[in-house]
Amino acid sequence: MISFRLDAADLADTRFAISPLREVMGSLRALRAPALYPLHVRWRAAVLQKLDPGDARLLAALVGDTLALPDFLTPRPASFAPTLDEQLTVVRATPAQTVRRDLLAAHAPRPLPAALRSVTAPGDAPVAELLEELCELLRRYWESALLPSWPRIRLVLEADITHRARQLATGGARLLFADLHRNLRWDDGVLRVDRMRGHHHVDGSGRGLRLVPSLFAHQPAPPVSAAEPPMLAYPGRGAATLWEPQPEPDAPALTALLGAPRSTLLRLLAEPLPTVELARRLGVTPSAVSQHLRVLHATGLVTRARDGRRVLYRRSPLGEQLAQHGTA
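Keep in mind that what you see is a predicted model, and the values were worked out from it rather than measured.

Definitions and cut-offs
Residues numbered from 1 in each chain as written. Predicted model: local features only at pLDDT ≥ 70, side-chain atom pairs only at ≥ 80, totals over all residues. Heavy atoms only, no water. Salt bridge = Lys/Arg side-chain N within 4 Å of Asp/Glu carboxyl O. Buried < 20%, exposed > 50% of the residue type's maximum accessible area, 1.4 Å probe, protein only. Helix = DSSP H or I, 4+ residues; strand = E, 2+ residues; numbered from the N terminus. Core = buried A, V, L, I, M, F, W, Y, C linked by side-chain atoms within 4.5 Å. Contact = heavy atoms within 4.5 Å. Polar contact = N/O pair within 3.5 Å; in protein donor to acceptor, adjacent residues only side chain to side chain. Pairing = 2+ DSSP bridges. Axes fitted to C-alpha atoms, helices over the stretch in contact; angles between N-to-C directions. Phe/Tyr/Trp six-rings, centres within 6.5 Å; stacked < 30°, edge-to-face > 60°. Domains from an automatic or database assignment. Buried area = accessible area lost by both parts, 1.4 Å probe. Nonpolar A, V, L, I, M, F, W, Y, C, P; charged D, E, K, R; others polar.

This part covers the pattern of salt bridges. Enumeration over the complete set of coordinates arrives at 19 salt bridges. Arg101 is the partner of Asp102 in a salt bridge, and the nearest nitrogen-oxygen pair spans 2.7 Å. Here Asp102 falls in the buried class, since its relative accessible area comes to 3%. Exposure remark for Arg101: the relative accessible area of 30% places this residue in the partly exposed category. With its nearest N and O atoms 2.6 Å apart, the salt bridge here joins Arg280 to Glu277. Residue Arg280 and its partner Glu277 are located together in helix α11 (residues 275-282), separated by 3 residues, close to a single helical turn. Classification of Glu277 by relative accessible area gives buried; the value is 15%.

See the structure below:
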């Protein structure tokens, strides 16, 4: 069991974040253990067809036999949604001793795979060379395996965060953690993660907790090392919808009632979306989208909620009913 003691300052600084690098590393688990990720079987087959054999061997070496991941390759996000480049910059700055520690811990008690044994050589130069090689490899893999689907992945993750934030606001930490996963227990200021290979306790000490939804997590995944600040990747909601074909953007009945632009907007708003993303998808200006959103909101067909500097729109219950009847 791994546990986090979180005081009032830690709970006040409990935040959600989206991590591209976390999804990259989590997806390597899906390549390694497909039985745990049945929803991603078709995605996995497509990725393996394109993957260079040499790249595949080194990527596989980054996942331990217990599916543990090196902590330095899953850094705690410094903002709500860092880019992959920003996260790889953090990885490149990892001290050599931390790289060695994390690779050895991910593969313990077995020895390091041959592809990683250069880090055991004296000095920092071998580690620096491996770090650069890994960053370039992870970038290639990202561009091939995840970037084409990233807008859709991010939308599913943002929808999960919107749901969790509502739980935190209405039911506090107890409701939030109880619904994240059955392996989590929140009691007397301590968040316990059961069924973990490691056994250690981490004191938040005012550093806060980062909660990172992942579509490639089959159970909660805290850092392997007790030296890392509190962070928890958890299985995000909606993974089953990720690879579903998108519905047709229009329906005659709904279009006849609302007109084509507003009908299309209502169908897109099954998940929370900001104005700029809606405009990008429709190929129109944000101001044009805003005009239609004002009408949909005024008639009770969509709701809106602020997320930092953005406003996210989604269908209201009335909008859900109308959209469903419009496709019947």
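With that out of the way, let us pick up the nonpolar core. Core analysis: the biggest nonpolar cluster contains 68 residues, and Trp43, Leu62, Leu138, Tyr141, Phe177, Leu191 and Leu211 have the highest contact counts within it. No other element matches helix α7 (residues 125-146), which puts 11 residues into this core. Those residues in contact with Leu62 that sit more than four places away from it in its chain are Met25, Leu28, Ala68, Leu69, Pro70, Leu73, Leu116, Leu134 and Leu138. If you look at the next biggest cluster of nonpolar residues, it comprises 14 residues, including Leu293, Leu301, Val302 and Tyr313.

As for its placement among the helices and strands, Asp55 is situated in helix α4 (residues 53-61). When its relative accessible area of 17% is taken as the criterion, Asp55 is described as buried. A polar contact of 2.9 Å, which involves the side chain of Asp55, links it to the side chain of Arg140. If near-sequence neighbours (up to four positions away) are discounted, Asp55 is found in contact with Leu137 and Arg140.

Before going further, it helps to spend a moment on the sheet that holds strand β2 (residues 15-16). By way of backbone hydrogen bonds, the strands of a sheet pair with one another, either parallel or antiparallel. Strand order in the open sheet formed by 3 strands is β2-β6-β7, and the pairing between neighbours is parallel. Of all the strands in the sheet, the pair left with one neighbour each is β2 and β7 (231-235). In this structure, strand β6 (residues 210-214) lies alongside β7, joined through 5 bridges in parallel fashion. What sits directly across from Arg210, in β7, is Met231. Contacts from helix α8 (residues 150-180) reach β2, β6 and β7 within the one sheet, and its direction differs from that of β6 by about 130°.

Our next topic: the packing of aromatic side chains. With the rule as written, the count across this model stands at 3 aromatic pairs. Aromatic side chains Trp43 and Phe216 sit 5.2 Å apart centroid to centroid with 50° between the ring planes, which places their arrangement in the tilted category. Note that Trp43 is positioned in helix α3 (residues 41-50) and Phe216 in the loop between β6 and β7, a separation of 173 residues in sequence. Overall, Trp43 belongs to the buried group, its relative accessible area being 7%. Taking relative accessible area as the criterion, Phe216 reaches 1% and is therefore assigned buried.

The next thing to look at is the domain arrangement of the chain. Each assigned domain of the chain is listed here: domain 1 (2-241) and domain 2 (251-322). Look at where the C-alpha atoms of domain 1 and domain 2 centre, and you get two points 33 Å apart. Contacts between the two partners involve 7 residues from domain 1, matched on the other side by 9 residues from domain 2. In total, about 620 Å² of surface goes out of reach between domain 1 and domain 2, with carbon and sulfur atoms giving 57% of it. It is Leu155, Glu158 and Ala159 that lose the most area in domain 1 upon contact with domain 2, and together they represent 60% of the buried surface on that side. Viewed at the interface, domain 2 and domain 1 are joined by 1 salt bridge. As a salt-bridge pair, Arg310 and Glu158 come within 3.1 Å of each other at their nearest N and O atoms. Run the count over domain 1 and domain 2 and you get 1 residue pair in polar contact (both at pLDDT 80 or more). Here the side of domain 1 that touches domain 2 is composed, by residue class, of 4 nonpolar, 1 polar and 2 charged.

Moving on: the environment of Ala270. Note that Ala270 resides in the loop between α10 (260-268) and β8 (273-274). Here Ala270 falls in the partly exposed class, since its relative accessible area comes to 27%. Ignoring anything within four residues of it in the chain, the contact list for Ala270 reads Arg314, Arg315 and Glu320.

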